[in-house]
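Fold and geometry: a report
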Amino acid sequence: MNQTELKKLRKLLLEKRDDLTQVVKSKKERDLQDVEIGDEIDSASQSVEKEILFELTDNEKVMLDNIESALSRIEKGTFGKCESCGQKIAIPRLEALPWVRYCISCQAKTEKA
Ligand SMILES: [Zn+2]
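Below is a short write-up of the structure. (Residues numbered from 1 in each chain as written. Predicted model: local features only at pLDDT ≥ 70, side-chain atom pairs only at ≥ 80, totals over all residues. Heavy atoms only, no water.)

1. Observations concerning the overall build of the protein
Helix and strand counts for the protein come out as five helices and zero strands. For the protein, the α and β elements follow one another from N to C terminus as α-α-α-α-α. For the protein, the residues scored as buried account for 27% of the 113 residues in total. Taking contacts inside the protein between residues at least 6 apart in sequence as the whole, the part at least 24 apart equals 59%. Accessible surface, the protein: about 8100 Å² in total, of which carbon and sulfur atoms supply 51%. (Helix = DSSP H or I, 4+ residues; strand = E, 2+ residues; numbered from the N terminus. Buried < 20%, exposed > 50% of the residue type's maximum accessible area, 1.4 Å probe, protein only. Contact = heavy atoms within 4.5 Å. Areas by Shrake-Rupley, 256 points an atom, 1.4 Å probe, with all protein chains shown as cover.)

Here it is, written out as structure tokens:
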């Protein structure tokens, strides 16, 4: 995989992560509008980050976890390899689902199990 493809996939991952967190953040911001804004703003926004996890559905949590994991694999330079068999994951598959951890054949095995 070349750098251009990697950058493109990284951007997709970041956008998807933003989508997931934004929904919850906008909800939280509405809740927080009544809260007095002052010196506590930093700790307040930190607790919002934590609470995001409680607002997400299980599917969204798994997705977010997969996205974080894919982004860290990009940092480490191991992105695009199947976590199970170590084979390269096909680029069209990554373009459709950049957060996938497994190649098609390993995915099929886990879904049957
Ligand atoms: Zn595999």
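2. Regarding the coordination of the zinc ion
Every protein donor of the zinc ion is listed here as Cys82 (SG), Cys85 (SG), Cys103 (SG) and Cys106 (SG), and their distances to the metal cover 2.3 Å. Here the zinc ion binds four donor atoms, and the angle range of 106 to 116° at the metal identifies the geometry as tetrahedral. Expressed as a motif, the donor residue spacing for the zinc ion is C-x2-C-x17-C-x2-C. Since its relative accessible area comes to 9%, cysteine 103 is described here as buried. (Donors = N, O, S within 2.8 Å, 3.2 Å for Na, K, Ca; no water. Tetrahedral: all angles 85-135°; square planar, octahedral: opposite > 155°, others 65-115°.)

3. Structural notes on the environment of alanine 90
Of note, alanine 90 is situated in the loop between α3 (58-76) and α4 (91-96). Assessed through its relative accessible area of 45%, alanine 90 is described here as partly exposed.

These results come straight from atomic positions and should not be treated as a statement about function.
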